[in-house]
Protein chains: 2
Amino acid sequence: MAERWGAGTVTFSARPRVLGHAAVGGKKESEGPLAAEFDKLFADDTLGEDTWEQAESRLVTEAFSAALEKAGVDAAELHAVFAGDLLNQCIASTFGLREFSLPFMGQFGACSTMAQTLLAAAVFVDGGAADVCAAVTSSHFCTAERQFRFPLEYGGQRTPTSQWTATAAGAAIVGLGGRGARIADGCIGRVVDLGVTDMNNMGAAMAPAAADTLARYFRDTGTTPDDYERIVTGDLSAVGGALLRNLLKKEGFDLGDRYTDCGLLLYDRKTQDVHAGGSGCGCSAGVLCGHLLNRFDRSELSDFLFVGTGALMSPTSCQQGESIPAVAHLVHFVRD
Amino acid sequence: MAERWGAGTVTFSARPRVLGHAAVGGKKESEGPLAAEFDKLFADDTLGEDTWEQAESRLVTEAFSAALEKAGVDAAELHAVFAGDLLNQCIASTFGLREFSLPFMGQFGACSTMAQTLLAAAVFVDGGAADVCAAVTSSHFCTAERQFRFPLEYGGQRTPTSQWTATAAGAAIVGLGGRGARIADGCIGRVVDLGVTDMNNMGAAMAPAAADTLARYFRDTGTTPDDYERIVTGDLSAVGGALLRNLLKKEGFDLGDRYTDCGLLLYDRKTQDVHAGGSGCGCSAGVLCGHLLNRFDRSELSDFLFVGTGALMSPTSCQQGESIPAVAHLVHFVRD
């Protein structure tokens, strides 16, 4: 049974854990500082498929299959799969997981999806609704550009605050037993909108949501940033990360040296031309299900907060002059 | 704690219930046979907003607010909101619920969303992750037409198998206590794709998913259609409903007189020019949170299966020649 510490802040008593995890990536990810942390890297971003969308679905299939294998779990043993992505109607997830014919609940949290699917999986396992679940998400630079921005062929210039959508997918199998990272507790994000309208500055749009979730979580649990080894946001990158630090300082919380962001870890900003850093569902999913959980498995990390961050606009809402609402979901991983 | 009867088939021991429910609709819904069952009807489908998308968000706000009021629950008491819709990046839900600043988990199940959000809410309440949750969804004829089909101004002819996307929203507040409809158990749908590619025949694309869920549910629970007063699918309408009957007959289950579909209940096909019937997230949400749960409250209905049906394609996937995968989630309501 779960116990609540506050609205949306939940602790899990049945001790759900990550039974297996995997990350796959594309060409740029293979050239970045975390290349060695991926289970599979594809030098050709089409993955041999006919369309970018099919390529993204393949990333989903590959990450999911690898996570199952590493967990030693057959697909047929899963009681629920939680998955979603940035594409309209979440087709990367649906088509990428279609062949497995599993109980499926599509999730939409934009780039916060990895955290959201993990929270959903933990709640289902903790409450007995499922013994084993999967949490899966993806993004692809080329599908995201053509859907949210410009056709690739247009070759538009990118602003300094813009981020680079990761071509990557991550998957985690969540269940009971074993010695994997335990999902101790978490916090469901609220939709926060401070009126940012610049689609090329998603970090700024998402920082207030991350600050809201972290501040609520610290207060609900009676903890401070010092109580955690690492605090890692999903894809605030350089601009949003600095804003988050300031917003939390005003709330009395100093993130200090323990704070970083998946968008800053995934690429080398000096040499990889990603401007403010990485973004996309696959950014936080790839870094968590590769790098961070690998570090956990290597005993380099024992207790950390993973805060998925998502911007909830659509091209239509932006064209209609709407500001960009955002959400951030938090998952607390521990060793014990 | 939940107990599983099979992969995806879950029964709830903590006895989650509908504490309040509400449905709102537009002009065509106000002219249909269920007009009297809506909490609010809008003669002007813009609801006074500047865009169709903003109008759909208003439907969400109105249904959610009315359900809270009828449940006697303050928005601030909610521990989680599950919502989603058909629009790209689910903006109807996000923007419609943004002002309430609540823990929010976006769901994407296409037109099955009402059932999916109810299942998620029931699992969260049952497992103690939340005391009170909301399940909300919507659709709007004009937003759906321009996103999935043609600009309204084009005035394209519709095929006989096509359905009419409802302009409606539904919301249900789920928690413990009271005398509302109890969510006894449910079944998470699997992604099923039998290769249908006709975007104007969604009923045919979704019928196999509904058959898969119902057959699994009957087998997992050891029941037959005769064990339920009513079995109501979300939006298979005339074409898909007939297919569902046939598919289940082959599996040894006769739906008989107890079967109907929200898309057939919402409109009068003889006079309202809706072709095969109604569809959209708002179709099943409006009929459930209006008509069906009203009938429950009037003691006209005590034990029924609600099977939300969703087609998981996007315009992009269809343009790329993909077939249409579908999903169907089941919720079992009882009186006790």
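Because the structure is predicted, anything quoted here is derived from the model rather than measured. (Residues numbered from 1 in each chain as written. Chains lettered and ligands numbered in written order. Predicted model: local features only at pLDDT ≥ 70, side-chain atom pairs only at ≥ 80, totals over all residues. Heavy atoms only, no water.)

**Q** Sorry, what's going on with the overall build of chain A here?
**A** Within chain A, the secondary structure is distributed over ten helices and 15 strands. Here the C-alpha radius of gyration of chain A, 18 Å, is about what a compact globule of 336 residues would show, namely 20 Å. Taken along the three principal axes of its C-alpha coordinates, chain A extends 50 × 50 × 35 Å. Residue burial in chain A is summarised as follows: out of 336 residues, 68% are buried. Looking at chain A alone, contacts between residues at least 24 apart form 77% of all its contacts between residues at least 6 apart. When the accessible area of chain A is evaluated, it comes to approximately 10,600 Å², of which 48% is carbon and sulfur surface. (Helix = DSSP H or I, 4+ residues; strand = E, 2+ residues; numbered from the N terminus. Rg over C-alpha atoms; globule rule 2.2 N^0.38 Å. Buried < 20%, exposed > 50% of the residue type's maximum accessible area, 1.4 Å probe, protein only. Contact = heavy atoms within 4.5 Å. Areas by Shrake-Rupley, 256 points an atom, 1.4 Å probe, with all protein chains shown as cover.)

**Q** I'm lost on helix 2 (residues 52-71) of chain A in this one. Help?
**A** Since the α-helix turns once every 3.6 residues, residues separated by three or four places project in the same direction. Residues and elements named next belong to chain A. In this model helix 2 runs 29 Å from its N-terminal to its C-terminal C-alpha over 20 residues, within 8% of the 28 Å that 1.5 Å per residue would give. For helix 2, the tally of buried residues reaches 15 of 20 residues, placing the bulk of the element in the interior. Taken from the residues just after helix 2, Gly-72 is the one with a positive phi, measuring 70°. (Expected span 1.5 Å × (residues − 1).)

**Q** Whenever I open this one, the pattern of salt bridges confuses me. Can you help?
**A** A side chain with one charge can pair with a side chain of the opposite charge if their charged atoms come near. Tallying each qualifying case throughout the model produces 40 salt bridges over all chains. In this structure, A:Glu322 engages B:Arg98 in a salt bridge whose closest nitrogen and oxygen atoms are separated by 3.3 Å. With one member in each of two chains, A:Glu322 in the loop between helix 10 (315-319) and strand 15 (326-334) and B:Arg98 in the loop between helix 3 (91-97) and strand 6 (104-106) form a pair that bridges those chains. For B:Glu37, the salt bridge identified is with B:Arg298, shortest N-O distance 2.9 Å. Of this pair, B:Glu37 sits in the loop between helix 1 (27-30) and strand 4 (40-41) while B:Arg298 is found in the loop between helix 9 (281-297) and strand 14 (303-311), placing the two residues 261 residues apart along the sequence. By relative accessible area, which is 10% here, B:Glu37 ends up buried. Look at B:Arg298 and you get partly exposed, because its relative accessible area is 42%. The network of salt bridges with common partners includes A:Arg15, A:Arg17, A:Arg182 and A:Asp336. (Salt bridge = Lys/Arg side-chain N within 4 Å of Asp/Glu carboxyl O.)

**Q** Even after reading the chapter, I still don't get the pairing of strand 7 (residues 133-139) of chain B, so can you show me in this structure?
**A** Successive residues of a regular strand alternate their side chains across the two faces of the sheet. Of all seven residues making up strand 7 of chain B, seven are buried, and the element is well covered by its neighbours. Side chains B:Cys133, B:Ala135, B:Thr137 and B:Ser139 project from strand 7 of chain B onto one buried face, and the interleaved B:Ala134, B:Val136 and B:Ser138 project onto a second face that is buried too.

**Q** For this particular structure, what's the right way to read the relation of the copies chain A and chain B?
**A** Between the two chain copies there is a screw-like relation: a rotation about an axis and a shift along it. Laying chain A over chain B is done by rotating through 180° and shifting 0.0 Å along the axis; what remains is an RMSD of 0.0 Å. Taken together, the rotation and translation relating the two chain copies correspond to the operation of a two-fold axis. With an isologous cut-off of 70% or more, the 100% of interface residues of chain A that recur at the interface of chain B puts this contact in the isologous class. (Least-squares fit on C-alpha atoms with pLDDT ≥ 70 in both.)

**Q** What am I meant to see in the nonpolar core here?
**A** A general tendency of soluble globular proteins is for nonpolar side chains to be buried together. Of all hydrophobic cores here, the largest spans 145 residues; its most connected members are A:Leu78 and B:Leu78. In contact with B:Leu78, not counting residues within four places along its chain, are A:Ala7, B:Phe64, B:Leu68, B:Val73, B:Leu102, B:Pro103, B:Val132, B:Cys133, B:Ala134 and B:Ile173. Core analysis: the second largest hydrophobic core is formed by 105 residues, A:Ala121, B:Ala2, B:Cys133 and B:Leu266 among them. (Core = buried A, V, L, I, M, F, W, Y, C linked by side-chain atoms within 4.5 Å.)

**Q** Sorry, what's going on with the interface of chain A and chain B here?
**A** Think of interface size as the accessible area that goes away when the parts come together; that is how it is often given. Chain A puts 62 residues into the contact, and the matching count from chain B is 62 residues. Buried area between chain A and chain B, summed over both chains or domains, comes out near 5,000 Å², and the portion from carbon and sulfur atoms is 61%. The tally of links between chain A and chain B comes to six salt bridges. The interface formed by chain A and chain B holds 25 residue pairs in polar contact (both at pLDDT 80 or more) in total. Going through the elements one at a time, strand 1 (2-6), helix 2, helix 3 (91-97), strand 6 (104-106), helix 4 (113-126), helix 5 (141-148), helix 10 and strand 15 of chain A are the ones with two or more residues in the side of chain A that touches chain B. The element best represented in the side of chain A that touches chain B is helix 4 of chain A, accounting for six residues. Along the lines of polarity and charge, the residues of the side of chain A that touches chain B split into 30 nonpolar, 21 polar and eleven charged. (Buried area = accessible area lost by both parts, 1.4 Å probe. Polar contact = N/O pair within 3.5 Å; in protein donor to acceptor, adjacent residues only side chain to side chain. Nonpolar A, V, L, I, M, F, W, Y, C, P; charged D, E, K, R; others polar.)

**Q** Can you walk me through the side chain of A:Thr117 in this structure?
**A** All names here are of chain A. Here Thr-117 lies in helix 4. Only 3.0 Å separates the side chain of Thr-117 from the backbone oxygen of Met-114, close enough to count as a polar contact. Discounting chain neighbours no more than four positions away, the residues touching Thr-117 are Phe-82, Ala-83, Gln-107, Ala-135 and Val-136.

**Q** Any chance you could explain the environment of B:Ala276 here in plain terms?
**A** All names here are of chain B. Inspection of the secondary structure puts Ala-276 in the loop between helix 8 (262-265) and strand 13 (278-279). Given a relative accessible area of 2%, Ala-276 falls into the buried group. With near-sequence residues (within four places) excluded, Ala-276 lies in contact with Pro-160, Thr-161, Ser-162, Gln-163, Ser-237, Ala-238, Val-239, Leu-264 and Arg-269.

**Q** Can you walk me through the side chain of B:Asn294 in this structure?
**A** Residue and element names in this part refer to chain B. Residue placement: Asn-294 occurs in helix 9. A relative accessible area of 13% places Asn-294 in the buried class. Not counting the four nearest positions on each side in its chain, Asn-294 is found in contact with His-21 and Glu-37.

**Q** Could you clarify how one ought to interpret the packing of aromatic side chains in this entry?
**A** For any pair of aromatic rings, geometry is given as the distance between the ring centres together with the angle between the planes. Throughout the structure, instances matching the rule amount to 18 aromatic pairs over all chains. Seen from their ring centres, A:Phe64 and A:Phe100 are 4.7 Å apart, and the 75° between their planes marks the pair as edge-to-face. Taken together, the residues span a long stretch of sequence, with A:Phe64 in helix 2 and A:Phe100 in the loop between helix 3 and strand 6 at a distance of 36 residues. Geometry around B:Trp164 places B:Lys28 over its ring, the cationic atom sitting 3.9 Å from the centre. B:Arg335 extends its terminal NZ or CZ atom over the ring of B:Phe296, reaching a point 4.1 Å from the ring centre. (Phe/Tyr/Trp six-rings, centres within 6.5 Å; stacked < 30°, edge-to-face > 60°. Lys NZ or Arg CZ within 6 Å of the ring centre and 35° of its normal.)

**Q** Can you walk me through the packing of helix 2 (residues 52-71) of chain B against helix 5 (residues 141-148) of chain B in this structure?
**A** Helix packing geometry: the angle between the two helix axes and the distance between the axes. All names here are of chain B. Running from amino to carboxyl end, helix 2 crosses helix 5 at an angle of 135°, the nearest separation of the two axes being 8 Å. In terms of axis orientation, helix 2 runs oblique to helix 5. Between helix 2 and helix 5 lies a crossing of left-handed hand. Taken together, the residues of helix 5 that come into contact with helix 2 (itself represented by Trp-52, Glu-53 and Glu-56) are Cys-142, Thr-143 and Arg-146. Across the contact of helix 2 with helix 5, the residue classes break down as two nonpolar, one polar and three charged. (Axes fitted to C-alpha atoms, helices over the stretch in contact; angles between N-to-C directions. Parallel < 35°, antiparallel > 145°, perpendicular 65-115°, else oblique. Left-handed = near helix turned anticlockwise from the far one by under 90°.)

**Q** Got a minute to help me understand helix 4 of chain A in this structure?
**A** All names here are of chain A. For helix 4, which comprises 14 residues, the first-to-last C-alpha distance of 19 Å matches the rise-based estimate of 20 Å (1.5 Å per residue) to within 8%. Buried residues dominate helix 4, accounting for 14 of its 14 residues. Following helix 4 by one or two positions, Gly-128 has its phi on the positive side, about 85°.

**Q** Would you explain unusual backbone geometry in this entry?
**A** Negative phi values dominate among residues other than glycine, just as trans dominates among peptide bonds. All names here are of chain B. In this structure, Gln-89 is a non-glycine residue whose phi angle is positive, near 60°. Counting through the fold element by element, Gln-89 comes out in the loop between strand 5 (80-85) and helix 3. For Gln-89, a relative accessible area of 3% puts it in the buried group. For Asp-273, which is not glycine, the phi dihedral falls at a positive 55°. With respect to the helices, strands and loops of the structure, Asp-273 is situated in the loop between helix 8 and strand 13. Look at Asp-273 and you get exposed, because its relative accessible area is 52%.

**Q** Looking at this model, I keep getting lost on the state of the cysteines. Mind explaining?
**A** Two cysteines, two sulfur atoms, one covalent bond between them: this is a disulfide. Considering all chains together, one arrives at zero disulfides over all chains under this definition. B:Cys90 supplies the cysteine sulfur nearest to A:Cys90, a cysteine that is in no disulfide, at a spacing of 6.2 Å. (Disulfide = S-S within 2.5 Å.)

Nothing here speaks to function; it is all geometry.
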